[in-house]
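# Structure assessment
So the chains spell out like this:
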Amino acid sequence: MKRFLLIPVLLLSLATKAQHGTINIQTNLDSTVIKPYAIDTLESYQVGPGIIYTRFDITAKANDIRHCYIYEVDLTNPYNTVEESHSTTMGNTERMVDAHKRLDAPEHRSIGSVNCNFWIVATQDEGQYNGLTGVPCTGQVRNGKIGTNITNWNIGHGNPDPVLGRKQDIGYLMIDADKKAHIDQFSWDAHLAIGDQAMPIAEVNRNRSNPSDNEVVMFNSDMGTKSTLTKEDINKRLGTDLPMIELVVKLEQDWAMNQHLFGVVESINYTGGTKIQDGYAVFRGRGTGKTFLETAKVGDRLQFIIGMYESLSGERPNIKQLSAGNCYVLREGRLTNRNWNEDYNNKNYPRTGFGVSKDHNTLWMMVMEKPGMYTHEMASILRHFGAWEATGADGGGSAQFNLGGQILNPTTEGQPRAVGNSIFLFSTAPEDSTVVEMRTTATFLKLPKYAAIKPEFLGYNQYGMLIDKNLPGVKLSCAPETGYITEDGYFVCLGSGVLTATYDQASLPIEIVIVDEANPSLRLSNVLISNKTPYEIEINGVVDNKQFKVLPSAVEWAIEDNTICTIDENGVLKSTFGGTADAVEWEGVLNAPSTLGSEEGPVGTFSKVTVDKYGLVTAGAQLEASDIPDLSATYVTVAREGKANGVATLDANAKINLDQIPDALLGNVKFGGTFNPETGVCALVNNKIVDVDGVEYTELTINAENAAKFTGYYFLATSSATLVDIEFLVGDWCISNGTA
């Protein structure tokens with residue numbers, strides 16, 4: 001058997017990261033220490049009317065890259081809307097990907113969302129003792145309807161800001177009736193009037209198992225499938241019998257904040273357990289609250305008001321959407337002391353943040369994936385984009401960025417987490433599938449020489465709604481020194497310049513900047529070929545964490561021994577002899593592993609042979625008498641070995657020879673990597689693998705559970721051991737049949 005060496009002549013190496021600009025990060029309250037961070041935009045395009053999505057990296061120092069996602073929303077666009085969203089049942093959390101589907105409708109198309117408010121968990125007193133698990137920690141409003149009231153949660157941190165002279169505790173995101181965005185600290189009050197008497201409403205939709213005495217509370221249909229607690233449940237929890245009353249009231253108009261609402265009493269009960277329909281409110285009273293509510297009777301007209309106001313100015317806007325964030329991190333363009341006076345903010349953590357422009361017409365919604373960043377970094381970035389006010393929101397595993405029903409950032413739990421509420425973006429434009437405008441995901445590309453790409457082009461309708469993410473019919477052109485266009489539509493980069501895309505009568509320039517280094521690598525470190533199945537060598541280059549295909553035809557190739565295989569000018573490898581299965585591994589300047597033997601035509605006739613660890617013949621000799629076993633047993637004739645309608649033969653280790661395996665199998669399996677039979681742990685090719693559903697994994701263990709997911713891959717044993725009742729030797733293959 002002969003061995004061969006495949007040597008690519010072209011040498012490429014790792015790129016130096018180019019800068020698109022810098023962001024000034026304020027690291028202390030008095031702005032005396034400013035650090036420049038690099039910002040690199042990876043993709044940016046419009047995803048809905050007036051809604052721009054951008055993915056970018058922030059680099060604080062070498063090997064400290066933070067991955068970020070942001071929406072920029074032009075609130076003056078008449079065809080978008082911003083809405084708070086929470087589960088249909090108060091106290092339940094909901095995954096944003098599920099809410100995305102639930103809320104999507106014609107002329108109310110879900111574009112994307114980010115998480116927002118904190119919620120009460122079972123280990124907190126409010127959850128463990130008061131039965132409020134899953135309820136938001138503080139206020140929220142959706143479409144003018146209160147979800148729950150504002151509380152004193154997380155209030156009272158630190159001293160007033162030394163410049164602005166006032167506390168900045170909790171930043172609430174609010175959208176008013178004019179579709180203006182605000183971030184401010186809010187308070188609340190509410191009152192119910194019966195005749196000429198009035199009483200405060202203590203809480204909304206907080207279905208406590210230990211309610212207070214002498215109060216009136218309110219519930220609405222945001223309770224969803226849950227009923228108000230029964231008197232029996234409450235008495236059992238408190239261990240005492242305290243009377244209560246509920247008034248069921250039908251509203252005369254839609255829900256609204258800071259406006260007088262009217263309703264008629266439809267029923268009265270003293271037992272609780274009321275399930276609430278849309279357009280209704282339930283008022284419950286205990287102690288003095290019970291006495292007050294008992295002054296009403298069925299048919300009476302009641303008046304009430306739910307108020308929320310800016311804590312500092314006292315202004316009461318017409319609130320349509322409201323949700324609490326966490327710390328108020330940016331006020332009037334200045335970072336507040338809330339960035340440094342609470343441990344939650346003053347540490348590296350995945351985060352969600354909101355920013356609002358000074359004119360209240362632009363909203364930013366940003367998520368920083370793990371490991372995250374400090375809030376002073378988040379606030380500085382939002383200020384860089386143009387925010388005048390900013391607030392943090394729930395972080396950690398809750399920090400999620402939803403685009404089109406998919407969470408883009410890897411979460412701390414590896415899957416989408418159900419959250420207390422979120423802020424959604426919608427298109428309200430009329431349904432229209434006609435493309436009138438072309439755009440691209442990137443108007444600036446850094447590429448290695450000989451990179452072959454098909455840029456993504458986006459098609460939009462007249463309202464700015466994204467209709468097609470892969471617009472067909474776009475023609476590419478460029479100067480010869482910049483590159484050329486292949487017959488199948490790839491742009492091959494040769495130098496810096498401009499790539500022009502043309503669609504119908506419109507054209508779009510894309511700036512191309514060539515980089516000298518791109519960390520090239522072969523996609524496969526080895527491959528199986530036969531004289532029937534040639535293989536086009538695959539080379540990848542990486543620039544700024546983006547992987548590009550490098551044309552093999554752009555590389556000059558040399559074969560050590562072309563009697564075994566040949567390679568043409570297009571980088572296509574072919575076997576030149578009659579063997580049906582050739583095992584090939586690369587060696588050379590692309591940092592590939594050492595060579596492997598490849599089968600060749602017969603060079604002699606021997607009665608016995610010696611094979612290497614790959615099962616390839618390395619020596620031959622004539623059979624001696626002592627080699628002949630007892631042949632009294634039934635045996636298979638030579639004529640039936642390895643023949644049609646015969647049997648496949650095994651080598652000395654009870655393994656099937658490659659030339660006994662059909663081409664249909666060898667040509668359709670992919671090398672996944674090596675594995676240790678003692679543990680089943682794999683060393684994956686390029687440190688990743690994609691299963692049959694298209695899900696990418698960075699680690700894999702061979703077991704029965706993973707068999708169905710990785711059909712079509714084979715793995716080479718690196719040691720001898722028994723795994724899943726199979727004895728493996730060094731060099732043995734492990735391949736899934738779909739079930740085992």
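Residues numbered from 1 in each chain as written. Predicted model: local features only at pLDDT ≥ 70, side-chain atom pairs only at ≥ 80, totals over all residues. Heavy atoms only, no water.

## What about the overall build of the chain?
Within the chain one finds seven helices and 55 strands. Evaluated residue by residue, the chain yields a buried proportion of 50% over its 740 residues. Within the chain, contacts between residues separated by at least 24 positions form 62% of all contacts whose residues are at least 6 apart in sequence. Total accessible area on the chain is roughly 33500 Å²; 49% of this is exposed by carbon and sulfur atoms. (Helix = DSSP H or I, 4+ residues; strand = E, 2+ residues; numbered from the N terminus. Buried < 20%, exposed > 50% of the residue type's maximum accessible area, 1.4 Å probe, protein only. Contact = heavy atoms within 4.5 Å. Areas by Shrake-Rupley, 256 points an atom, 1.4 Å probe, with all protein chains shown as cover.)

## What about the packing of aromatic side chains?
Under the definition given, this model contains 19 aromatic pairs. Centre to centre, the rings of Phe424 and Phe426 are 5.7 Å apart; their planes meet at 20°, and the pair counts as stacked. One aromatic cluster in this structure is built from Tyr45, Tyr53, Tyr69, Tyr71 and Phe401. In this structure, Lys347 packs its charged tip against the face of Tyr349, placed 5.0 Å from the ring centre. (Phe/Tyr/Trp six-rings, centres within 6.5 Å; stacked < 30°, edge-to-face > 60°. Lys NZ or Arg CZ within 6 Å of the ring centre and 35° of its normal.)

## Some words on unusual backbone geometry
Put simply, Lys370 and Pro371 share a cis peptide bond, and its omega is 10°. One can find Pro371 in strand S22 (residues 362-373). Although it is not a glycine, Asn143 sits at a positive phi angle of roughly 50°. Inspection of the secondary structure puts Asn143 in the loop between strand S8 (140-142) and strand S9 (145-148). We classify Asn143 as partly exposed; its relative accessible area is 41%. Phi angles above zero are rare outside glycine, and Glu332 is one such case at about 50°. Within the element layout of this structure, Glu332 appears in the loop between strand S19 (319-331) and strand S20 (334-335). Given the relative accessible area of 30%, Glu332 is considered partly exposed.

## Considerations on the confidence of the model for the chain
For the chain, the mean per-residue pLDDT works out to 83, and 83% of the residues sit at or above 70. Counting interchain partners and residues more than four positions distant, the pLDDT-below-50 stretch residues 1-19 has 73 contacts. Throughout residues 578-603 the model reports pLDDT below 50, and contacts reaching past four residues in sequence, or to other chains, amount to 90 contacts. (pLDDT = per-residue confidence, 0-100.)

## Focus on the pattern of salt bridges
Taken as a whole and assessed by the stated rule, the structure comprises 20 salt bridges. Between Glu94 and Arg102 there is a salt bridge, with the nearest N and O atoms lying 2.9 Å from each other. Overall, the relative accessible area of 16% leaves Glu94 in the buried class. Residues Arg95 and Asp98 are paired through a salt bridge, measuring 2.9 Å at the closest nitrogen-oxygen approach. On the basis of relative accessibility, which here comes to 32%, the residue Arg95 falls in the partly exposed class. (Salt bridge = Lys/Arg side-chain N within 4 Å of Asp/Glu carboxyl O.)

## Let's talk about a nonpolar patch on the surface
Taken together, the side chains of Ile268, Tyr270 and Val298 present a nonpolar region at the surface, about 260 Å² in accessible area. Secondary-structure assignment places Tyr270 in the loop between strand S16 (260-269) and strand S17 (280-286). (Patch = residues over 30% accessible without salt bridge, like charges linked within 9 Å, V, L, I, M, F, W, Y side chains within 5 Å.)

## Observations concerning the nonpolar core
Ranked by size, the top nonpolar core spans 37 residues in total, and within it Met218, Phe283 and Phe304 carry the most contacts. Apart from residues no more than four positions distant in its own chain, Met218 is found in contact with Ile146, Ile201, Glu203, Val204, Asn205, Trp255, Ala281, Val282, Phe283, Phe304 and Ile306. Within the second largest apolar cluster, 32 residues are counted, among which are Tyr71, Met365, Phe401 and Leu466. (Core = buried A, V, L, I, M, F, W, Y, C linked by side-chain atoms within 4.5 Å.)

## Some remarks on the environment of Ile306
The topology assignment puts Ile306 in strand S18 (residues 301-310). Take Ile306: its relative accessible area is 0%, and that puts it in the buried class. Separated by 116 residues in sequence, Ile306 and Ala190 have C-alpha atoms that sit 4.5 Å apart. Residues contacting Ile306, with those up to four places away along its chain left out, are Ile146, Trp188, Asp189, Ala190, Ile201, Met218, Met257 and Asn258.

## Thoughts on helix H5 (residues 375-385)
Since the α-helix advances by 3.6 residues per turn, residues separated by three or four positions end up pointing in the same direction. Where burial is concerned, most of H5 is hidden: eight out of the 11 residues are buried. Turning to H5, its buried residues number three or more, namely Thr375, His376, Glu377, Met378, Ala379, Ser380, Ile381 and Leu382. Of the residues flanking the end of H5, it is Gly386, one or two places downstream, whose phi is positive at about 130°.

## A word on the side chain of Asp57
When you line up the elements, Asp57 lands in strand S4 (residues 51-61). For Asp57, a relative accessible area of 1% corresponds to the buried category. Of note is the side chain of Asp57, whose polar atom sits 2.7 Å from the side chain of His67. (Polar contact = N/O pair within 3.5 Å; in protein donor to acceptor, adjacent residues only side chain to side chain.)

## Here's the deal with the state of the cysteines
For the structure on display, the rule yields zero disulfides. With no disulfide of its own, Cys682 lies 7.7 Å from the sulfur of Cys734, the closest cysteine sulfur. (Disulfide = S-S within 2.5 Å.)

## A word on the sheet that holds strand S25 (residues 406-407)
Across the sheet, which stays open at both edges, the five strands sit in the order S6-S26-S7-S24-S25 with antiparallel pairing between neighbours. The open sheet is flanked by strand S6 (80-86) and S25, the only strands paired with a single partner. (Pairing = 2+ DSSP bridges.)

## Structural notes on the sheet that holds strand S28 (residues 444-448)
Whether parallel or antiparallel, the strands of a sheet pair through hydrogen bonds between backbone atoms. Strand order in the open sheet formed by four strands is S28-S36-S35-S32, with mixed pairing between adjacent strands. Two strands close off the open sheet at either side, each with one partner strand: S28 and strand S32 (475-478). Along the sheet, successive strands turn relative to each other by an average axial angle of 30°, direction set aside. Two elements, S28 and strand S36 (residues 506-515), share five bridges in a ladder whose sense is parallel. From the neighbouring strand, Lys446 faces S36, where its bridge partner is Val513. (Axes fitted to C-alpha atoms, helices over the stretch in contact; angles between N-to-C directions.)

## Details of the side chain of Gln321
The residue Gln321 is located in strand S19 in this model. On the accessibility criterion, Gln321 (6% relative accessible area) is buried. Of note is the side chain of Gln321, whose polar atom sits 3.0 Å from the backbone nitrogen of Glu84. Polar contacts involving the side chain of Gln321 include one to the side chain of Asn143, which spans 2.7 Å.

## Comments concerning the pairing of strand S30 (residues 457-460)
Successive residues of a regular strand alternate their side chains across the two faces of the sheet. Residue alternation in S30 divides its side chains into two sets, Phe457 and Gly459 and Leu458 and Tyr460, and both sets are buried. In this sheet, S30 lies alongside strand S27 (residues 437-440) in antiparallel orientation, the contact comprising four bridges. Bridge pairing links Arg439 to Leu458 in S30. Sheet analysis places S30 next to strand S31 (residues 466-468), joined by two bridges and oriented antiparallel. Paired with Tyr460 across the strands is Leu466, a residue of S31. Between S30 and S31, which follow one another and run antiparallel, lie five residues, and Gly464 among them has a positive phi close to 85°.

## Digging into the pairing of strand S21 (residues 349-356)
For S21, the tally of buried residues reaches seven of eight residues, placing the bulk of the element in the interior. Strand direction decides the pairing type here: S21 and S22, joined by seven bridges, are antiparallel. Across the sheet, Arg351 pairs through a bridge with Met368, a residue of S22. Between S21 and S22, which pair antiparallel and follow one another directly, the connecting turn spans five residues, one of which, His360, has a positive phi of 70°. Relative to strand S23 (residues 389-392), S21 is paired through four bridges, and the arrangement is antiparallel. Looking across to S23, one finds that Gly355 is bridged to Ala390.

## Looking at the environment of Arg102
Along the chain, Arg102 turns up in helix H1 (residues 96-103). Contact partners of Arg102, with chain neighbours within four places excluded, come to Ser85, His86, Thr88 and Glu94. A distance of 3.3 Å separates a polar side-chain atom of Arg102 from the backbone oxygen of His86. Polar side-chain contacts of Arg102 include one of 2.9 Å to the side chain of Glu94.

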